[in-house]
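Chain by chain, the residues:
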2 protein chains.
Amino acid sequence: MRLLVIGGVAAGMSFATRARRLNEEVEITVLERGSDISFANCGLPFHIGGEIESRDRLALHTPLSLKNMFNLDVRTQNNALQIDRSRKRVLVADRLSGDQEWLHYDRLMLAPGARPTVPLIPGAQDPAVFTLRNLEDMDRIIAAADPGKRVIVIGGGYIGLELVEQLHRRGLKVSLVQLHTHLLPQLDSQVVLPLQEVLVQQKIDVWYGNYFTSIERQKDELLGHLSTGEVLTADFMIFAIGVRPESELARDAGLVLAQTGHVVVNEFMQTSDPDIYAAGDVVQTRERRFAQPVAIALAGPASRQGRVAADHIFMGHLARPYPGSIGTSIVRFFDLVAAGTGWTEQALIESRRNYETVTVHEYHHSGFYPGAELISLKLIWDPDSGEVLGAQATGRAGVDKRIDILATAIIGKMTIDDLCHLELAYTPPHGIVRDVINIAGFAATNMRDNLVKVISDLDENPHAQLLDVRPKALAEKYPVEGAINIPLSSLRDNLEELDRNRYLTVFCQVGRTSYFATRILTQNGFKAVSFSGGVKGLRGLQGPPAKAGTKSA
Amino acid sequence: MRLLVIGGVAAGMSFATRARRLNEEVEITVLERGSDISFANCGLPFHIGGEIESRDRLALHTPLSLKNMFNLDVRTQNNALQIDRSRKRVLVADRLSGDQEWLHYDRLMLAPGARPTVPLIPGAQDPAVFTLRNLEDMDRIIAAADPGKRVIVIGGGYIGLELVEQLHRRGLKVSLVQLHTHLLPQLDSQVVLPLQEVLVQQKIDVWYGNYFTSIERQKDELLGHLSTGEVLTADFMIFAIGVRPESELARDAGLVLAQTGHVVVNEFMQTSDPDIYAAGDVVQTRERRFAQPVAIALAGPASRQGRVAADHIFMGHLARPYPGSIGTSIVRFFDLVAAGTGWTEQALIESRRNYETVTVHEYHHSGFYPGAELISLKLIWDPDSGEVLGAQATGRAGVDKRIDILATAIIGKMTIDDLCHLELAYTPPHGIVRDVINIAGFAATNMRDNLVKVISDLDENPHAQLLDVRPKALAEKYPVEGAINIPLSSLRDNLEELDRNRYLTVFCQVGRTSYFATRILTQNGFKAVSFSGGVKGLRGLQGPPAKAGTKSA
């Protein structure tokens, strides 16, 4: 029996090594078009900035090491040209010698990944316009990236932001062009405000709601013509605007593709041809909650999909299906971390599903222990079942932990009541007696139980009286226009200052004191709502709100 | 309506403030015997060593701040002497004036906590013998703890270890006496080996399996007589050998107590008198998995129990029961962290329950990103349902995250299959493409699916051939007696060196390569088992094994 694997990074390598562990006899050949096998593609940006010093650390394996450990026949610089399904063979070209040969397969794994998108605009093929996918791309960028040079990164997603930071760290003058009106469209807009403030602090120019209509070479410079008419100048540019699945081979072989171009697979990663499997960035899978089709170009799902396919071939009835993805993701951007899991509010609105949401803040470890950093956590749940649908968080420490716990809760179909009673580890240097996740559970169940009505927009009711219940010093330092300040500590004694016939929008710094105040007010007959997350999310952490088509620097 | 609360720290304060948020009208009186209210008891050790510099940071509230924010009538230095259930009143003594008065209640909350145990041995009442429960205790210890002095800490649990580290940090000569044969009896013995090695590295003397039979004062010194006959000398001593519930008031009022002395409560924290609630260290609750009675003296459960009781009084049918505890706990000890959640192997053996276990190792973030630290994770599950029963971990970074994720998995009744497909956040500085929890899931399902047989003791089969599959350099640097070394990379070519009629115990550094090797061997007809967790757990990280009654330093 022979397994043929097209693509030797996350999904392909996971498939091949698991297959070998399950079966010593099978012949396994891995074809990789590039010159490197099983390299650490998520580490590439960090070598550009020097955070990962040695390039060697990014090369996790060689064909020889894979031969020795897993008895794999790995062929780099080998390009699969055509699949002949009727005769179960693949036409392969050696990129160095030019030789072609047909290789037979009993089972074929398609794990070619996805290629960075480059727009079809004049000038995009200029040699000083780059993308970043593999070690060779990284080497080209490093060769161009002398300190002091001007670079424009196009795309403010995860890879784009990592490139911005690393090139800035390397000493280049970096600018960012972002099609969307905010960074990281995978997250909700208010969640990424702190990251946008970092760009301001670091004096990195950014053009939101903008894209290049053409790129023009003028001697040693590139001129980028923005959709809003402005012209930006740079020594080189990098496109990081997303990826497209490398599904041409599958398409030409007549396999079923989704409209997006991704290869359609079943729960065991079989394509429409049961002898051909596919995994990783090239496939469409289902998201876990509503089984909606989704394509997630991340290393973790790819690696686990490869394993599922191998199990299906060799483990018979013991093989377990791929349960779907929830899209957990994270980015570190300078000293901040932003992460999310499950559904965003924006995606729920777009798919017209019911949801509730609240934003809460708490320190990542005990406030009385040095180094405590505030985490901002947005929780989203299903108001009918109480099940957690999604979560997003930002902060300087402990963000990954909270999102991982909530990813686990989503996979376990856990509810907002469960979050109240999550029993998390606590010692002052590592945790806090009521974790921000417990607090999110409390806030959500309080809303469910009608103890408080919460709003996400301070101006949701323009006729309401804005009531600031922060301590006087804070209210004076960060005033909010049109608000009256009655600190919580004196609220009970000053209720007569408020108009009982007028709606009250109550706010504080992080959303906790305003909840306390709202409880006092509603029990005294006032019509009061609490502003979720407090004005901390509006001021202090982030810069001026981004506007489409304008430069914010 | 009047609520009377006895005890103003975690459970009592959580009850009182939640009650106020639910009801503005009720009168709430909090009685606290000590001079401080709502203080950070978990922070006390850290102020002794100076990690938390300001003592003020440990006092979270004053009676005035609680009056202002929550309209609570807080009375410190007030001691509850007697409960008169028939007339629903409590006799209270003011410790400063000596005045006594009866206070009426409609509902009473007992949250008096637990007091540190001091053994009934001669000399234990010497003024230089301390315990640590509140700020006053802490002040007394600090007054005695001049740098250079000799102190003996008795008890190697969480608080004992924190005291050892902080007193060492303060410049004292610290010794430790531990009744158990290993540190932290809440965790399994092999899990705490790395912490025991830290004691050796820090030159802190420790006597395992030992206790004081008497303490004798000789001028300015204390002589502690060990059960094994040795005599230790110190300037002062601190007992940290556990706590006992302060349930005398409940007992005298005729409330039902458990044999352990804890107050018995129902799922809404009601005692045998429905108008009297109890919460925190004084009560017995249930552990979640088997509903076995358990008493857990930790701040998190206490805080949430107080909230449940308040909900039961004011929220009617919307009140939710306390779902039980799982006993998640953590300690930082010098640069190491040890944590656990759910059932330990030892506890499962003692209660004669079925379980399976495996130990795995992986870096806390990508190995190719600087600063990666190895985590050792022991996973325990139910072989029938696959449900996670417990987990323990040690390491220098990321331990809290893994234990919190697994605590969440336990509460969500998730299985080893779920762990394989946990979709955790991954960027090289924060996470790893296959997290140690995924790997534990892979290892556990491999065992379930009979792909590999794993043993936890290298010498489990004394007749077996020990096969070391580590690279030659590693095998030579850390040799294991009686083992032959055939590195994985050359195993397939050297199978004839092995005796097919003999059982093979295969090991490597962390348990991964030995699994690969075992797959090769069993598919070639050998009878091979893999050693769980590898010899990393035996050597390199920890010192010589502790022996009962011997000093290890």
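Residues numbered from 1 in each chain as written. Chains lettered and ligands numbered in written order. Predicted model: local features only at pLDDT ≥ 70, side-chain atom pairs only at ≥ 80, totals over all residues. Heavy atoms only, no water.

A. Region of the structure containing the sheet that holds strand β2 (residues 27–32) of chain A. Residue and element names in this part refer to chain A. With respect to topology, five strands assemble into an open sheet ordered β3-β2-β1-β7-β19, the strand pairing being parallel. Either end of the sheet is taken by a strand with one partner, and the two such strands are β3 (73–76) and β19 (276–278). Recorded for the sheet is a direction-independent mean angle of 15° between the axes of neighbouring strands. Alignment of strand β1 (residues 2–6) against β2, held across five bridges, turns out to be parallel. Bridge pairing in β2 places Ile-6 opposite Leu-31. Those strands touched by helix α8 (residues 299–314) are β1, β7 (107–110) and β19, and its axis lies near 155° from that of β19. (Pairing = 2+ DSSP bridges. Helix = DSSP H or I, 4+ residues; strand = E, 2+ residues; numbered from the N terminus. Axes fitted to C-alpha atoms, helices over the stretch in contact; angles between N-to-C directions. Contact = heavy atoms within 4.5 Å.)

B. Representation of the relation of the copies chain A and chain B within the structure. The two copies are related by a screw motion: chain A maps onto chain B through a turn of 180° and a shift of 0.0 Å along the axis, at an RMSD of 0.0 Å. Given the turn and translation reported, the copies of this chain are related as if by a two-fold rotation axis. Interface residue correspondence from chain A to chain B reaches 99%, placing this contact among same-surface, isologous pairings. (Least-squares fit on C-alpha atoms with pLDDT ≥ 70 in both.)

C. Spotlight on the side chain of Asn-438 of chain A. Mapped onto the secondary structure, Asn-438 of chain A falls in helix α12 (residues 436–448). A relative accessible area of 3% means that Asn-438 of chain A is categorised as buried. (Buried < 20%, exposed > 50% of the residue type's maximum accessible area, 1.4 Å probe, protein only.)

D. Representation of the interface of chain A and chain B in the model. Contacts between the two partners involve 86 residues from chain A and, on the opposite side, 85 residues from chain B. The contact between chain A and chain B buries some 7700 Å² in all, and 56% of this surface belongs to carbon and sulfur atoms. For chain A, the biggest contributors to the area lost against chain B are Phe-368, His-421 and Glu-423 of chain A; these three give 11% of the whole. There are 10 salt bridges connecting chain A and chain B. In this structure, Glu-24 of chain A engages Arg-492 of chain B in a salt bridge whose closest nitrogen and oxygen atoms are separated by 2.9 Å. Where chain A meets chain B, there are 46 residue pairs in polar contact (both at pLDDT 80 or more). Looking at the side of chain A that touches chain B, the elements with two or more residues in it are α1 (10–22), α3 (63–70), α8, β22 (329–333), α10 (399–411), α11 (416–420), α12 and α14 (513–523) of chain A. Element by element, the count of residues in the side of chain A that touches chain B is highest for α10 of chain A, at eight residues. (Buried area = accessible area lost by both parts, 1.4 Å probe. Salt bridge = Lys/Arg side-chain N within 4 Å of Asp/Glu carboxyl O. Polar contact = N/O pair within 3.5 Å; in protein donor to acceptor, adjacent residues only side chain to side chain.)

E. Structural view of the pattern of salt bridges. With the rule as written, the count across this model stands at 68 salt bridges over all chains. Sharing partners across several salt bridges, the network here consists of Arg-33, Arg-115, Arg-133, Glu-246 and Glu-248 of chain A.

F. Structural detail: the environment of Glu-197 of chain B. All names here are of chain B. Mapped onto the secondary structure, Glu-197 falls in helix α6 (residues 193–201). Exposure remark for Glu-197: the relative accessible area of 12% places this residue in the buried category. Here the alpha-carbon distance between Glu-197 and Ile-330, two residues 133 residues apart in the chain, equals 18 Å.

G. Structural detail: empty space enclosed by the protein. Within this structure, the stated rule accounts for four cavities of 30 Å³ or more. Roughly 50 Å³ of volume is contained in the largest cavity. Of all the secondary-structure elements, those providing two or more residues to the lining of the largest cavity are α1 and α3 of chain A together with α15 (513–523) of chain B. When residues of the lining of the largest cavity are assigned to their parent elements, the largest contribution, three residues, is made by α15 of chain B. A per-class count over the lining of the largest cavity returns five nonpolar, no polar and five charged. (1 Å grid on protein atoms, 1.4 Å probe; cavity = no way out; pocket = protein on both sides within 12 Å on 5 of 7 lines; lining within 4 Å. Points joined across faces, edges and corners; volume = space filled by probe spheres on them. Nonpolar A, V, L, I, M, F, W, Y, C, P; charged D, E, K, R; others polar.)

H. Examining the packing of aromatic side chains more closely. This structure, assessed with the given rule, holds 12 aromatic pairs over all chains. On the basis of an interplanar angle of 75° and a centroid distance of 5.3 Å, the ring pair of Phe-290 of chain A and Trp-343 of chain A is categorised as edge-to-face. Remark: Trp-343 of chain A occurs in the loop between β23 (336–342) and α9 (345–350) and Phe-290 of chain A occurs in the loop between β20 (283–286) and β21 (293–294); sequence separation between them is 53 residues. Taking the relative accessible area as the measure of exposure, Phe-290 of chain A reaches 27% and is therefore partly exposed. Judged by centre distance (5.7 Å) and plane angle (75°), the rings of Phe-130 of chain B and Phe-236 of chain B are edge-to-face. Within this pair, whereas Phe-130 of chain B is found in strand β9 (residues 129–130), its partner Phe-236 of chain B is found in strand β16 (residues 236–239), the two being separated by 106 residues in sequence. Judged by its relative accessible area of 2%, Phe-236 of chain B falls in the buried class. Taken together, Phe-70 of chain A together with Tyr-515 and Phe-516 of chain B form an aromatic cluster joined through their ring pairs. (Phe/Tyr/Trp six-rings, centres within 6.5 Å; stacked < 30°, edge-to-face > 60°.)

I. Seen up close, the confidence of the model for chain A. Averaged over every residue, the pLDDT of chain A is 94; residues scoring 70 or more account for 97%. At the level of chain-chain contacts, confidence expressed as ipTM amounts to 0.95, with global pTM at 0.96. (pLDDT = per-residue confidence, 0-100.)

J. Main features of the nonpolar core. With 210 residues, the main nonpolar core has Leu-521 of chain A together with Leu-521 of chain B as its most contacted residues. Not counting the four nearest positions on each side in its chain, Leu-521 of chain A is found in contact with Leu-467, Leu-491, Leu-495, Leu-498, Leu-504, Val-506, Phe-526 and Ala-528 of chain A. (Core = buried A, V, L, I, M, F, W, Y, C linked by side-chain atoms within 4.5 Å.)

K. Quick peek at unusual backbone geometry. Residues and elements named next belong to chain B. We note that Leu-184 has phi near 45°; this positive angle belongs to a residue other than glycine. By the element assignment, Leu-184 lies in the loop between β11 (173–178) and α6. Although it is not a glycine, Arg-352 sits at a positive phi angle of roughly 55°. As for its position among the elements, Arg-352 is in the loop between α9 (345–350) and β24 (356–363).

L. Spotlight on the sheet that holds strand β15 (residues 231–234) of chain B. Residues and elements named next belong to chain B. With antiparallel pairing, three strands are arranged side by side in an open sheet as β13-β14-β15. Across the chains shown, the open sheet's two edge strands, defined by having one partner strand only, are β13 (212–218) and β15. Each adjacent strand pair in this sheet contributes to an overall mean axis angle of 25°, direction not counted. Pairing analysis gives six bridges linking β13 to strand β14 (residues 221–226), with the strands arranged antiparallel. Counted as the bridge partner of Ile-215 is Gly-224 from β14.

M. Molecular detail of the environment of Val-506 of chain B. Residues and elements named next belong to chain B. Inspection of the secondary structure puts Val-506 in strand β30 (residues 504–507). Note: C-alpha distance between Val-506 and Leu-199 (307 residues apart in sequence) is 31 Å. Leave out the neighbours within four places in its chain, and Val-506 touches Leu-467, Val-469, Ser-514, Ala-517, Thr-518, Leu-521, Ala-528, Val-529, Ser-530 and Phe-531.

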